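# Structural overview
So you can see what is in the structure, the chains are spelled out below.
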Amino acid sequence: MNLILHFKNILQKSFFQNPKYVSAILLLIAAFSATKQFLIQKCNNYLIYKNVFYHTIRQTSLYAEYPNEYFDHNHYGPVFSLLIAPFALLPNAIGMVLWSVFNALILIWSIRKLPVKSVNHSIILWIILNEFVTTTLSFQINPIMTAIIIMSFVSIQEEKEGRAAFFIMLGTFIKLYGIVGLAFFFFSKHKLKFIMYLLIWSLVFYVLPMALATPEFINNSYIEWFERLVVKNGENASLDSMQDISFMGIIRRVVGNPMLSNLPFLLFGLLVFGLPYLRIQMYKNLKFRFLLLCSVLLFTVIFSSGSESPTYIIAFTGIAIWFVIQDKPISKFNWFLLIFALIVTSLSATDLFPKILYKSLVKPYALKALPCVLIWFKIIYEMVVLKKEESITIVESKQK
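Worth saying up front: this structure is predicted, and the values here are computed from it rather than measured.

Criteria and thresholds
Just so you know, the residues in each chain are numbered from 1, in the order the chain's sequence is written. Where totals are concerned, whole chains, interfaces and linings use all residues; where local detail is concerned, this predicted model gives features only for residues with pLDDT of at least 70, and gives and counts side-chain atom pairs only at 80 or more. Just so you know, side-chain values use all the structure's heavy atoms and leave hydrogens and water out. What counts as a helix is a DSSP run of H or I of at least four residues, what counts as a strand is a run of E of at least two, and both are numbered from the N terminus. Three labels apply to residues, based on accessible area from a 1.4 Å probe with only protein chains included: buried if under 20% of the type maximum, exposed if over 50%, partly exposed otherwise in between. Every residue pair with non-hydrogen atoms within 4.5 Å of one another is taken to be in contact. Each accessible area is a Shrake-Rupley result for a 1.4 Å probe, and residues are judged covered by the shown protein chains and nothing else. Here the term cavity refers to a set of points on a 1 Å grid, laid over the protein atoms alone, in which a 1.4 Å probe fits but cannot get out; the term pocket refers to an open set having protein on both sides within 12 Å along at least five of seven lines, with lining residues being those that place an atom within 4 Å of a point. Grid points are joined across faces, edges and corners, and a volume is the space filled by probe spheres set on the points. To estimate how far a helix should reach, multiply one less than its number of residues by 1.5 Å. A fitted line through C-alpha atoms represents every axis, and for helices the fit uses only the stretch in contact; the resulting angles, taken between N-to-C directions, go from 0 to 180 degrees. Every angle not falling under 35 degrees, over 145, or within 65 to 115 is termed oblique; those three ranges are roughly parallel, roughly antiparallel and roughly perpendicular. Take the far helix as your reference; a near helix turned counterclockwise from it by less than a right angle gives a left-handed crossing, and one turned clockwise gives a right-handed crossing. Put simply, Ala, Val, Leu, Ile, Met, Phe, Trp, Tyr, Cys and Pro go in the nonpolar bin, Asp, Glu, Lys and Arg in the charged bin, and everything else, Gly too, in the polar bin. Patch definition: residues with relative accessible area over 30% and no salt bridge; like charges joined within 9 Å; nonpolar side chains (Val, Leu, Ile, Met, Phe, Trp, Tyr) joined within 5 Å. We count a salt bridge whenever a side-chain nitrogen from Lys or Arg sits within 4 Å of a carboxyl oxygen from Asp or Glu.

## Looking at the overall build of the protein
- Counting secondary structure elements, the protein contains 19 helices and zero strands.
- Its C-alpha atoms give the protein principal-axis dimensions of roughly 60 × 55 × 45 Å.
- Across the 400 residues that make up the protein, the buried fraction comes to 55%.
- The long-range share in the protein, meaning contacts at least 24 apart out of those at least 6 apart in sequence, stands at 76%.
- Roughly 17,800 Å² of accessible area belongs to the protein as shown, and the carbon and sulfur atoms make up 68% of that amount.

Structure representation (structure tokens):
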């Protein structure tokens, strides 16, 4: 109880309520982290990203192993070569810093676009701060993927179906995660227009990489991409993998059986995820819509065998948004869930968490996912029992 009161008092300080301050902190962290990782040469992911561009223009396989350039494989679509191109053309030191800052800017921009009060933008950014550090240290693209999902939601909310389709298909052609933006389809007031734009943008992103390489090479790359993802999915299901920090990963590790199929978990997850859609009369309710956004952000991570620690910026953004849209006063149980997530999901790998517990419990049993799983079920419950007259009281009528 004292911890909750202390946390409330911190959030009420003016410094913590101004999104400009926390935004500046995220940008500084992005620049500093990239510089640090460059100096100690821990930049493997950036080298993978950079070489997607160079392998495309040289028309060499995007998904083969290149041990002289980096370890592991590329798992991003051909269109990623265009996104990374401006950074890949720069010297590594500059490209890495600008790439990290770009990720931060896009994430901040998307969160600031959410139709909530400015103070809640700040709270969201503070809550996800540590997860942002984690993903930035590995040069991950997950901040951009988080922003793509949020902007898919915001664009439909603003009745800008063309922009929504742009973000959904961009995310899909980069990392497949973007396809989850289709979850907001039923909130659109212009569904035929939305479908038309989805078709247009899918065609655009399909052919766009052909500006850098021949159509034959790009078509073969799409096939190879699919094959690589199938292989990766099989590699992730391991009792000691750095991936599979997910709902099924927890079960696999607890029972000690890496051969448990993803399919039953995915079917169960989709069934539970889809339950709130039965409440058609709630589609116009803004709180219901926001809860679905939170559900999508969490579902994307906790039901993916490819989820690793840096991926949790996506899920934790869902938790942060869920927290700020709660009715006031926020219940003790919801405070407990947030603090539980901050400690176990976000801080467990840091020096603030007992190493013996991390090494003996959190890491071997993928417990980083546990608070996110619990909050996801809580969100589904809230969507199912939400009353029609309930609404969000923190929405500003007009964003500045």
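## Some words on empty space enclosed by the protein
- Taken as a whole and assessed by the stated rule, the structure comprises one cavity of 30 Å³ or more.
- Size it by volume and the largest cavity reaches roughly 40 Å³.
- Along the walls of the largest cavity sit W99, S100, N103, F132, T135, T136, F139, Q140 and P143, which together make up its complete lining.
- Counting residues per element, the ones that place at least two in the lining of the largest cavity are α6 (92–112) and α8 (129–137).

## Digging into helix α19 (residues 370–385)
- With 16 residues, α19 ought to run about 22 Å at 1.5 Å a step, and its terminal C-alpha atoms sit 23 Å apart, in line with that.
- Among the residues making up α19, those that are buried are P371, C372, V373, I375, W376, K378, I379, I380, E382 and M383.
- Of the surrounding elements, those touching the buried residues of α19 are α13 (247–255), α14 (262–274), α15 (286–302), α16 (312–324) and α17 (332–346).

## Topic: the packing of α15 against α19
- It is the contact of α15 with α19, at a shortest axis distance of 9 Å, that shows an interaxial angle of 150°. Between α15 and α19, the angle falls in the class roughly antiparallel. Here α15 and α19 pass one another in a crossing that is left-handed. Residues F288, L291, L292, C294, S295, L298, F299 and I302 of α15 pack against C372, V373, I375, W376, I379, I380, E382 and M383 of α19.
- Considered class by class, the residues forming the contact of α15 with α19 number 14 nonpolar, one polar and one charged.

## Concerning unusual backbone geometry
- The omega torsion across K328 and P329 is -5°, close enough to zero to call that bond cis.
- Its place among the elements puts P329 in the loop between α16 and α17.
- Within the chain, Q41 stands out as a residue other than glycine whose phi angle is a positive 60°.
- Considering the arrangement of structural elements, one finds Q41 in the loop between α3 (19–39) and α4 (44–58).
- The class for Q41 is exposed, based on a relative accessible area of 54%.
- Located in the positive-phi region is D72, a residue other than glycine, with phi close to 75°.
- Under the relative-accessibility criterion, D72 is labelled partly exposed at 41%.

## What about a nonpolar patch on the surface?
- On the surface, a nonpolar cluster with roughly 550 Å² of combined accessible area is contributed by V254, V255, I356, L357, L361 and Y365.
- The set of elements that each furnish at least two residues to the nonpolar patch consists of α13 and α18 (355–362).
- Within the fold, V255 resides in helix α13.

## Quick notes on helix α7 (residues 118–127)
- The buried fraction of α7 is high, at eight of ten residues.
- Within the sequence span of α7, burial applies to N120, H121, S122, I123, I124, L125, W126 and I127.

## Some words on the pattern of salt bridges
- Going through the model one piece at a time under the given rule, you end up with nine salt bridges.
- Of the charged contacts, one joins K160 and E158 as a salt bridge, the two residues approaching to 3.7 Å between their closest N and O atoms.
- Residue E158 is classed as partly exposed on the basis of its relative accessible area, which comes to 32%.
- Between K189 and E159 there is a salt bridge, and its shortest N-O distance comes to 3.3 Å. Of this pair, K189 sits in the loop between α10 (161–175) and α11 (191–207) while E159 sits in the loop between α9 (142–157) and α10, placing them 30 residues apart in sequence.
- What emerges from the salt-bridge pattern is a single network uniting K113, E158, K160 and R163.

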